[in-house]
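Residue-level structure breakdown
Here's the letter readout for the chains.
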Amino acid sequence: MDASSESRGALVVFEGLDRSGKTSQCGRLLSYLEGLGHPVELWRFPDRTTSVGQMISAYLSNKSQLDDHTIHLLFSANRWEKRSMMEAKLKAGTTLIVDRYSYSGVAFSSAKGLDFEWCKAPEAGLIAPDLVLYLDIPPEKAAERGGYGDERYEQLEFQKKVAQHYKLLEDSAWKIIDASRSLEDVEKQVKETVSEYVVSCQKGKPLSSLWS
Ligand code: Z5A
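Note that the structure is predicted; figures quoted are calculated from it, not measured. (Residues numbered from 1 in each chain as written. Predicted model: local features only at pLDDT ≥ 70, side-chain atom pairs only at ≥ 80, totals over all residues. Heavy atoms only, no water.)

1. Thoughts on the site of the ligand
Lining the immediate environment of the ligand, one finds 25 residues, of which Asp18, Arg19, Lys22, Thr23 and Ser24 sit closest. Side-chain polar atom of Asp18 to an oxygen atom of the ligand: 2.4 Å apart, as the coordinates give it. Here an oxygen atom of the ligand sits 3.1 Å away from a polar atom, N or O, in the side chain of Arg44. Protein contact buries 81% of the 1,100 Å² of open area that the ligand shows by itself. With respect to the detected pockets, the ligand is housed in the largest pocket. Elements that contribute at least two residues to the shell around the ligand include exactly helix H1 (22-35), helix H3 (68-91) and helix H4 (102-111). For the shell around the ligand, the class distribution of residues is eight nonpolar, eight polar and nine charged. (Near = heavy atom within 4 Å. Polar contact = N/O pair within 3.5 Å; in protein donor to acceptor, adjacent residues only side chain to side chain. Areas by Shrake-Rupley, 256 points an atom, 1.4 Å probe, with all protein chains shown as cover. 1 Å grid on protein atoms, 1.4 Å probe; cavity = no way out; pocket = protein on both sides within 12 Å on 5 of 7 lines; lining within 4 Å. Sits in = over half its atoms within 2 Å of the grid points. Helix = DSSP H or I, 4+ residues; strand = E, 2+ residues; numbered from the N terminus. Nonpolar A, V, L, I, M, F, W, Y, C, P; charged D, E, K, R; others polar.)

As structure tokens, then:
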């Protein structure tokens, strides 16, 4: 996508089941990198602030019904509408910490029974993460953390299927983090892992495209 050797920000994605601790760890990593003086922002998908995001939010909270294919494409569109902003931020040197990305899109939709390759197709061409931190936790243990709320996918049996589909997406950008440990232990491993990737992007690692 980009052969330049300009210093840039890193694209760091957190993935994992509901209640695996993504939001907690994103916040801690943000504070850590800010403290080191790095330009950094925290993003999350779905981004419920856009008009597409509001349709997704209504669906997740069971206020609207949509065909499974339709909601899959809306999740993808929600990433595409942020793609050019993402590229601009990274090229300007800002590291982006992203709470869920295309892997959630494919794992959740394929767990509902949609074709795995069909689910990947609309994600191809988005920016490939430099690092995917997969917060690995047994679904039963995640379910014990504060209980599930009213959102559509917050059911143990479904989360078990999602976990199986996530595993099919693991690639060389992934680091598996044992998320059943304490918040502090997970945070320590996250910080150690991320530092190396921030430095390699500052040294000019080119941006690349996801699944294309
Ligand atoms: N979805 C999709 O289908 N397609 C897509 O393309 C995308 C998403 C992007 C959005 O949910 C839903 O949309 C999601 C996938 C689907 N559905 N599900 N399930 P969301 O992003 O709005 O919500 P979430 O990701 O599921 O967030 P969450 O429930 O808040 O989980 P979390 O961020 O992983 O966990 P947390 O908020 O950091 O922690 C949860 C609780 O556990 C909290 O009380 C913490 O204090 C506690 N916690 C966290 N870590 C620990 C440790 N280490 N020990 C003990 N307790 C802990």
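2. So, the pattern of salt bridges
This structure, assessed with the given rule, holds 19 salt bridges. With a shortest N-O distance of 3.2 Å, Arg19 and Asp18 are connected by a salt bridge. Note on Arg19: relative accessible area 29%, which makes it partly exposed. On the accessibility criterion, Asp18 (12% relative accessible area) is buried. The partner of Asp47 in a salt bridge is Lys82, and the shortest N-O contact between them spans 3.1 Å. Highlighted residues: Asp47 in the loop between strand E2 (40-44) and helix H2 (51-60) and Lys82 in helix H3, separated in sequence by 35 residues. One network of salt bridges, in which partners are shared, links Arg28, Glu184, Glu187 and Lys191. (Salt bridge = Lys/Arg side-chain N within 4 Å of Asp/Glu carboxyl O. Buried < 20%, exposed > 50% of the residue type's maximum accessible area, 1.4 Å probe, protein only.)

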